[in-house]
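Fold and contact review
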Amino acid sequence: MRIATWNVNSVKQRLEHLLRFLKEEAPDVVCLQELKCQDDAFPRLELDGTGYNIAVRGQKSFNGVAILSKRPMEDIQLRLPGDDSDEQARFIEALVPGDKGVVRIACIYLPNGNPAPSEKYSYKLAWMDRLHAHTRARLREEEPFVIAGDFNVIPEPKDAARPEQWVNDALFLPPTREKFRSLLHLGLCDALRATTDADGIYTFWDYQAGAWQKNNGIRIDHMLLSPQAADRLRSVTVVRHTRGWDKPSDHVPLMAELDV
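Along each chain, numbering runs from 1 in the same order as the chain's sequence is written. In view of the model being predicted, local features appear only for residues whose pLDDT reaches at least 70, and side-chain atom pairs are presented and counted only at 80 or more, with totals across whole chains, interfaces and linings using the full set of residues. No hydrogens and no water enter the side-chain calculation; it runs on all heavy atoms of the structure.

**Describing the sheet that holds strand β2 (residues 29-33)**
Read across the open sheet, the six strands follow the order β3-β4-β2-β1-β14-β13; overall the sheet is mixed. Each edge of the open sheet is held by one strand with a lone partner, namely β3 (53-57) and β13 (233-238). Looking at each pair of strands side by side, their axes are set apart by 15° on average, direction ignored. Looking at chain direction, strand β1 (residues 2-7) and β2 are connected through five bridges and run parallel. Among the inter-strand pairings, Thr 5 is bridged to a residue of β2, identified as Cys 31. In what follows, a contact means two residues having at least one pair of non-hydrogen atoms within 4.5 Å. Inter-axis angles, ranging from 0 to 180 degrees, are taken between N-to-C directions of lines fitted to C-alpha atoms, where helices are fitted over the stretch in contact. Think of it this way: any DSSP run of H or I at least four residues long counts as a helix, any run of E at least two long counts as a strand, and we number them from the N terminus. Running at roughly 160° to β1, helix α1 (residues 15-25) makes contact with β1, β2, β4 (65-69) and β14 (254-258) of the sheet. The pairing criterion is simple: DSSP has to find at least two bridges between the two strands.

**Some remarks on the environment of Arg 234**
With respect to the helices and strands, the residue Arg 234 is situated in strand β13. Here's how the labels work: a residue is buried when its accessible area is under 20% of the maximum for its type, exposed when over 50%, partly exposed in between, all with a 1.4 Å probe on protein chains only. In this structure Arg 234 comes out as partly exposed when scored by relative accessible area, which is 49%. Measuring from C-alpha to C-alpha, the distance between Arg 234 and Ala 209 comes to 36 Å, with 25 residues separating the pair along the chain. When near neighbours in sequence (up to four residues on either side) are disregarded, Arg 234 contacts Glu 257 and Asp 259.

**Regarding the pairing of strand β12 (residues 221-225)**
Counting buried positions along β12 gives five out of five residues, so the element sits mostly inside the fold. Residues Asp 221, Met 223 and Leu 225 point to one face of β12 and His 222 and Leu 224 to the other, with burial holding for every one of them. As paired strands, strand β8 (residues 145-150) and β12 are joined by five bridges and run antiparallel to one another. Counted as the bridge partner of Ala 148 is Met 223 from β12. Bridge count for strand β9 (residues 189-190) against β12 is two bridges, and the pairing is antiparallel. Across the sheet, residue Cys 189 finds its bridge partner in β12, namely Leu 225.

**As for the layout of surface pockets**
The distinction between a cavity and a pocket rests on a 1 Å grid over the protein atoms alone: a 1.4 Å probe fits inside a cavity but cannot get out, while a pocket stays open yet meets protein on both sides within 12 Å along at least five of seven lines, and a residue with an atom within 4 Å of a point counts as lining. Grid points are joined across faces, edges and corners, and a volume is the space filled by probe spheres set on the points. Of the voids in this model, the largest pocket is the one considered here, and its volume is about 220 Å³. Along the wall of the largest pocket there are 14 residues; nearest its centre are Tyr 109, Asn 112, Asn 152, Phe 204 and His 251. What the second largest pocket holds in volume is close to 180 Å³. Every residue along the wall of the second largest pocket is listed here: Phe 62, Gln 88, Arg 90, Pro 111, Asn 112, Gly 113, Asn 114, Lys 120 and Tyr 123. When grouped by side-chain class, the residues that make up the lining of the second largest pocket number three nonpolar, four polar and two charged. Side-chain classes follow a simple rule in which Ala, Val, Leu, Ile, Met, Phe, Trp, Tyr, Cys and Pro form the nonpolar group, Asp, Glu, Lys and Arg form the charged group, and the remainder, Gly included, forms the polar group.

**Regarding the pairing of β1**
With five of six residues buried, β1 lies mostly within the body of the structure. By the bridge criterion, four bridges tie β1 to β14 in an arrangement that is antiparallel. Across the sheet, residue Arg 2 finds its bridge partner in β14, namely Glu 257.

**Points about helix α4 (residues 174-185)**
Any helix carries an expected span of 1.5 Å times its number of residues minus one. Taking 1.5 Å of rise per residue, the 12 residues of α4 would be expected to cover 16 Å, and the 16 Å separating its terminal C-alpha atoms lies within 8% of that figure. Every buried residue of α4 is accounted for by Thr 176, Arg 177, Phe 180 and Leu 183. One side of α4 carries all its buried residues, which in axial view fall inside an arc of 110°. Along α4, the residues that are exposed and aim more than 90 degrees away from the buried face are Pro 174, Glu 178 and His 185. In the core, the buried residues of α4 are packed alongside α3 (119-139), β9 and β12. By arc we mean the arc of the directions from the helix axis to the C-beta atoms, nothing more.

**Some details on the sheet that holds strand β6 (residues 91-98)**
Reading across the sheet, the six strands line up as β5-β6-β7-β8-β12-β9 and stay open at both edges, with mixed pairing between neighbours. The open sheet has two edge strands with one neighbour each: β5 (74-77) and β9. In this structure, β6 lies alongside strand β7 (residues 101-109), joined through eight bridges in antiparallel fashion. Residue pairing across strands places Ala 94 opposite Ile 105, the latter belonging to β7. Contacts from α4 reach β9 and β12 within the one sheet, and its direction differs from that of β12 by about 30°.

The structure is reproduced here in structure tokens:
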């Protein structure tokens, strides 16, 4: 099963890119973030014929997450537990069957949190606490579980081309990185770091100051695996070339292959 995650930065503006990616890479499951549209505005008609089932949690103008799956999805969850008053569309989860069992996949768009300190940063940290609690509960079920998405977290200095530029940013502040590590300490595996320790691997390049041309990027899109999923990990790929397409998203897809 090939699972991809991609912050498309407006699914309607990036529709041709999404269709091209689906045709070229043919992942079995795609987690999308930052749709920037409501459920009824998601381009289902345009995706008809691609062979994907669609589950969406949209929001007008910003946020929004979706899971596309070649196989029918079950047990779809549209909210991250822990705060019923939270209306931001940042979480969707589904059970996806494979040839050798099922995989539970959570697609997340973790809050940016800037500026810090602020209410936005407090919301980010609280959201991460809720994700921690939910993950702990899921791990008790001892099933293959994948958390994929835009985490808005730079885990380590080597995950930024110029870490000194990010020292006061919510993506790289010590409390942010500590909460990310606490997720890993639950028993999760960072899929990419399970395959390489190399520097210079990024998933985001800002539109400003020629970041793409200068390779001034950061790694903030991640795929975290439960032990049962990590045991089935075969490969991880950053589909970097999509950043060079015309009018691209500022993120590129991250893709992992699991033997399920």
